[in-house]
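So you can see what is in the structure, the chains are spelled out below.
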Amino acid sequence: MAFFKIPNLVIILLTTVIFTIFAFTADRFLTLANIENILTGYSFLAIIAIGQSLTIMARGIDLSVGSTVALAAMVLFDATMIFELPGVFAILIALVAATAAGALNGLLIVYLRLQPFVATLATLAAYRGIVYAISGRQLYPELPTKAVTDPWIRWLGDFFDVERALGLGDFISLPWIPISFFILLIYAIAIGLLLGRTRWGLNLRTYGGSPEAAHLAGLKVNRLVISVYALCGFSAGLAGIILVGRFTTATEALGSGMELTAITAAVIGGTRLQGGIGGVTGPVLGAFLLGIILIGLTLLEISQFYQQILTGGILIAAIGYDRLIEKRKAV
Amino acid sequence: MRLEINKNIIALPLVIIALTLLVGYFEPAFLTVDSAIAVLRRMATIGIMAVGMTFVIMTAGIDLSVGPTLALSGLVSYFTLVSGMPVPVAILAGMASGIAVGAINGIIIAVGKLPAIIVTLGMLSIVRGTALLIGGPTLHQISGHESYSFIGSGALLGLPVSIWIFLFIAAIGIFIQQVTSYGFQISTLGDNPEASHLSGRRTRLLIFSTYVICGCCAAIAGIIDSSQVYTASANFGEFGTELDVISAVILGGASLFGGKAYVINTVFGVLFLGIINSGLNILDVPIESQLMFKGTLIVIALGFTSLSRNSKS
């Protein structure tokens, strides 16, 4: 199972070391509540990072994921609050909207031959504009103060009590696992299988390794690229609906800046910017490594502004490291 | 003087005139000198950054960190002023901060050979964090410095000073790109980095220098911005600023894969964007939809440029 194997041991080692450091230095780091915090706060980010790593594997990038998160969230909010659709349908519509947004990115890249980052930088603005335009919170004055009550949607933001389910409540105390973490696990396995066991996955790796070769080998390159961006949009949509479940509302500014963290997670996780190489464990580990660092720093009461500086620094360091390995291999 | 005729130098102005007339048809007030000055004034800072960005893009690079750099330089100038320094020192300090950001970008990209888009995306976060660390999330009012306010709010010969600065920087940019050997070296570097390297050009130094120019331009824009609204804030140059700047350059026909580009066309790209921005405003399109429209228009325009370029080659 090549696509579940660990991309590099370094990141696991690094995560363990940093985790241990925080466990000793930050007071409330090694508590159940904090573990729950990390799982809740970064499961959805790991989902976005998986989608992002697919576009990077295809030698592209998707800067619009933050806006797509907000788009899915707002569509879900409107569907359940204004049109009062049952939760399942509302969730489906939101996911379709996000997938369509992703597919549109792919169409722009393929048919208008735009550079991925320019196309998605433009749709970043355009999708955010749509979010403002369809915002139920602005169209109906009574909605901003109302919470989403649909049980399906609320369930997405819920927790699973492991102890009680196992009947171990009297013996040990385990953290409550957020539903979003289970969604992440299922999604990661699904994408892992898609990458490792299907023709589509093989084609994607071929294309990422050498677009020329893929084209000459007669692959339907256009369709492949569009599907990759559609899947990236779907990932962002999945994250968006999870966030609505958690916050019980959708804000217009939701997800802004998230593209940076998602790309960072994917790159830390060993997704090569030269294309072709990547998997699902990398971005997931990358997202949680980032989560451990940022939450640990918050517990140490280090200013949020330093964290912003650090996130950028980590991103640059990660690709620097990536380049170093590449060079060593070439020698 | 190598003044080649390029296709865009005719096509783009025609599009701009057509757009202006279209907006003017619905709102005649748009076709006045005052309105033209207002359009230019709004675009001066974007235009200054676009001139710098043109050089970066000619080397097949990109700089996503111009927005926070703008905020940083405004803040640095503000704090220099507050500490009692004279205005020229404040301006130099602001510019130095932008040059420093550009130099960091340049070193990592040119010497470390890392992809510009990821490096400058990281720097976007780093510089914003630094600006917030220095200035906090609050607004800092700049008052009692007439000569500083003059940069953004004053007028010379009937034109706002900020427009003069834009025209001046555009003129320098056009001169450097069209006439000097530096401009020629940059464009050959973008066309074929290998050949450029083999022919003994100092490619690293050239790439490095373009980011320094770009950072410096962003800093100048930041100084104008802060003096225009008498305020410095770490949140100026919000996300989307770099989109405007990059769009202006690409609308001018520059290829993101590097190679020859014309600063004069970038100036037209800036005008095109300015007319879209102001036109949407004057036609009372709601702010939310403006974002949507602009994204769409930019995609269409870029699509046309990219398709026409591809069909040519």
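Residues numbered from 1 in each chain as written. Chains lettered and ligands numbered in written order. Predicted model: local features only at pLDDT ≥ 70, side-chain atom pairs only at ≥ 80, totals over all residues. Heavy atoms only, no water.

1. Quick look at the overall build of chain A
Thought 1: The helix and strand inventory of chain A stands at 15 helices and 2 strands.
Thought 2: The globule rule puts the C-alpha radius of gyration for 331 residues at 20 Å, and the 20 Å found for chain A is close to it.
Thought 3: When its C-alpha atoms are laid out on the principal axes, chain A stretches across 55 × 50 × 40 Å.
Thought 4: Within chain A, the fraction of its 331 residues that count as buried is 57%.
Thought 5: Of all intrachain contacts in chain A linking residues separated by at least 6 positions in sequence, the fraction that spans at least 24 positions is 78%.
Thought 6: Surface summary for chain A: the accessible area is close to 14,300 Å², and the carbon and sulfur share equals 67%.
Thought 7: Charge centroids of chain A, computed over 20 positive and 17 negative side chains, lie 16 Å from each other. (Helix = DSSP H or I, 4+ residues; strand = E, 2+ residues; numbered from the N terminus. Rg over C-alpha atoms; globule rule 2.2 N^0.38 Å. Buried < 20%, exposed > 50% of the residue type's maximum accessible area, 1.4 Å probe, protein only. Contact = heavy atoms within 4.5 Å. Areas by Shrake-Rupley, 256 points an atom, 1.4 Å probe, with all protein chains shown as cover. Lys, Arg positive; Asp, Glu negative; His and termini not counted. Charge placed at Lys NZ, Arg CZ, Asp CG, Glu CD.)

2. Some remarks on the overall build of chain B
Thought 1: Within chain B, the secondary structure is distributed over 13 helices and 4 strands.
Thought 2: Here chain B has a C-alpha radius of gyration of 19 Å; the compact-globule value for 313 residues is 20 Å, and the two agree.
Thought 3: Along the first, second and third principal axes, the C-alpha atoms of chain B reach 55 × 50 × 35 Å.
Thought 4: The proportion of buried residues among the 313 residues of chain B is 57%.

3. Describing the nonpolar core
A general tendency of soluble globular proteins is for nonpolar side chains to be buried together.
Thought 1: A:Ile48, A:Phe117, A:Leu204, A:Phe288, B:Ile62 and B:Ile246 are the most contacted members of the largest nonpolar core, which totals 196 residues.
Thought 2: The element contributing the most residues to this core is helix α12 (residues 221-247) of chain A, with 16 residues. (Core = buried A, V, L, I, M, F, W, Y, C linked by side-chain atoms within 4.5 Å.)

4. Things to note about the side chain of B:Gln177
Residue and element names in this part refer to chain B.
Thought 1: Relative to the helices and strands, glutamine 177 is located in helix α7 (residues 161-178).
Thought 2: Here the side chain of glutamine 177 touches alanine 261 through a polar contact of 3.1 Å, landing on its backbone oxygen.
Thought 3: When near neighbours in sequence (up to four residues on either side) are disregarded, glutamine 177 contacts Phe55, Met58, Gly183, Phe184, Lys260, Ala261, Tyr262 and Val263. (Polar contact = N/O pair within 3.5 Å; in protein donor to acceptor, adjacent residues only side chain to side chain.)

5. What about unusual backbone geometry?
The bulk of non-glycine residues show a negative phi, and the bulk of peptide bonds are trans.
Residue and element names in this part refer to chain B.
Thought 1: Phi at leucine 157 takes a positive value of approximately 50°, unusual for a residue other than glycine.
Thought 2: For leucine 157, the location among the structural elements is in the loop between β2 (155-156) and β3 (159-160).
Thought 3: Positive phi outside glycine occurs at tyrosine 230, with the angle close to 55°.
Thought 4: Looking at the element boundaries, tyrosine 230 is found in the loop between α10 (203-228) and β4 (231-233).
Thought 5: For tyrosine 230, a relative accessible area of 39% puts it in the partly exposed group.

6. Let's talk about the environment of B:Ser143
Thought 1: Within the fold, B:Ser143 resides in the loop between β1 (139-141) and α6 (146-153).
Thought 2: For B:Ser143, a relative accessible area of 55% translates into the label exposed.

7. Some details on the confidence of the model for chain B
Thought 1: In the predicted model, chain B carries a mean pLDDT of 86, and the fraction of residues at 70 or more is 94%.
Thought 2: Of all secondary-structure elements in chain B, the lowest mean pLDDT belongs to helix α13 (residues 287-312) of chain B, at 72, while helix α4 (residues 87-111) of chain B reaches the highest, 95. (pLDDT = per-residue confidence, 0-100.)

8. Points about the pattern of salt bridges
All names here are of chain A.
Thought 1: This model, assessed by the stated rule, comprises 1 salt bridge over all chains.
Thought 2: With a closest N to O distance of 3.8 Å, glutamate 252 and arginine 137 form a salt bridge. With a gap of 115 residues between them, glutamate 252 in the loop between α12 and α13 (258-268) and arginine 137 in helix α6 (residues 136-139) connect regions that are remote in the sequence. (Salt bridge = Lys/Arg side-chain N within 4 Å of Asp/Glu carboxyl O.)

9. Remarks on the interface of chain B and chain A
Thought 1: Every contact between the two is made by 38 residues of chain B and, on the other side, 37 residues of chain A.
Thought 2: Roughly 3,300 Å² is buried in total at the junction of chain B and chain A, and carbon and sulfur atoms are behind 83% of that figure.
Thought 3: Where the side of chain B that touches chain A is concerned, the elements lending two or more residues are α5 (116-135), α11 (241-251) and α13 of chain B.
Thought 4: Per-element tally for the side of chain B that touches chain A: the top contributor is α5(B), with 13 residues.
Thought 5: Within the side of chain B that touches chain A, the residues separate by chemical class into 25 nonpolar, 9 polar and 4 charged. (Buried area = accessible area lost by both parts, 1.4 Å probe. Nonpolar A, V, L, I, M, F, W, Y, C, P; charged D, E, K, R; others polar.)

10. Concerning the environment of B:Val212
All names here are of chain B.
Thought 1: Residue placement: valine 212 occurs in helix α10.
Thought 2: Here valine 212 falls in the buried class, since its relative accessible area comes to 18%.
Thought 3: Residues valine 212 and valine 245, spaced 33 residues apart in sequence, show a C-alpha to C-alpha distance of 16 Å.
Thought 4: Contacts of valine 212, omitting those with residues within four sequence positions, involve Ile99, Gly102 and Ala103.

11. Focus: the side chain of A:Thr249
Residue and element names in this part refer to chain A.
Thought 1: Position of threonine 249 among the secondary structure elements: in the loop between α12 and α13.
Thought 2: Its relative accessible area of 17% is what places threonine 249 among the buried residues.
Thought 3: At 3.3 Å, the side chain of threonine 249 forms a polar contact with the side chain of arginine 137.
Thought 4: The residues touching threonine 249, leaving out its near neighbours within four places in the chain, are Phe77, Arg137, Val148 and Val244.

12. So, a nonpolar patch on the surface
Thought 1: A cluster of nonpolar side chains, contributed by A:Leu300, A:Ile302, A:Tyr306, B:Phe79, B:Leu133 and B:Ile134, occupies part of the molecular surface with about 470 Å² of accessible area.
Thought 2: Inspection of the secondary structure puts B:Phe79 in helix α3 (residues 66-82). (Patch = residues over 30% accessible without salt bridge, like charges linked within 9 Å, V, L, I, M, F, W, Y side chains within 5 Å.)

13. Quick notes on α13(A)
Residue and element names in this part refer to chain A.
Thought 1: The element α13 is largely enclosed, with a buried count of 11 among its 11 residues.
Thought 2: Among all positions of α13, only Met258, Glu259, Leu260, Thr261, Ala262, Ile263, Thr264, Ala265, Ala266, Val267 and Ile268 are buried.
Thought 3: Just beyond α13, the residue with positive phi is glycine 270, at close to 90°.

14. Some words on helix α1 (residues 9-25) of chain A
Residues and elements named next belong to chain A.
Thought 1: Its 17 residues give α1 an end-to-end C-alpha distance of 24 Å, which sits within 8% of 24 Å, the value for a rise of 1.5 Å per residue.
Thought 2: Considered for burial, the residues of α1 that qualify are Ile11, Thr15, Ile18 and Phe22. One side of α1 carries all its buried residues, which in axial view fall inside an arc of 75°. Residues of α1 that are exposed and point more than 90 degrees away from the buried face comprise Leu9, Leu13 and Phe24.
Thought 3: Here the buried face of α1 lies against α13 and α14 (281-299). (Expected span 1.5 Å × (residues − 1). Arc of directions from axis to C-beta.)

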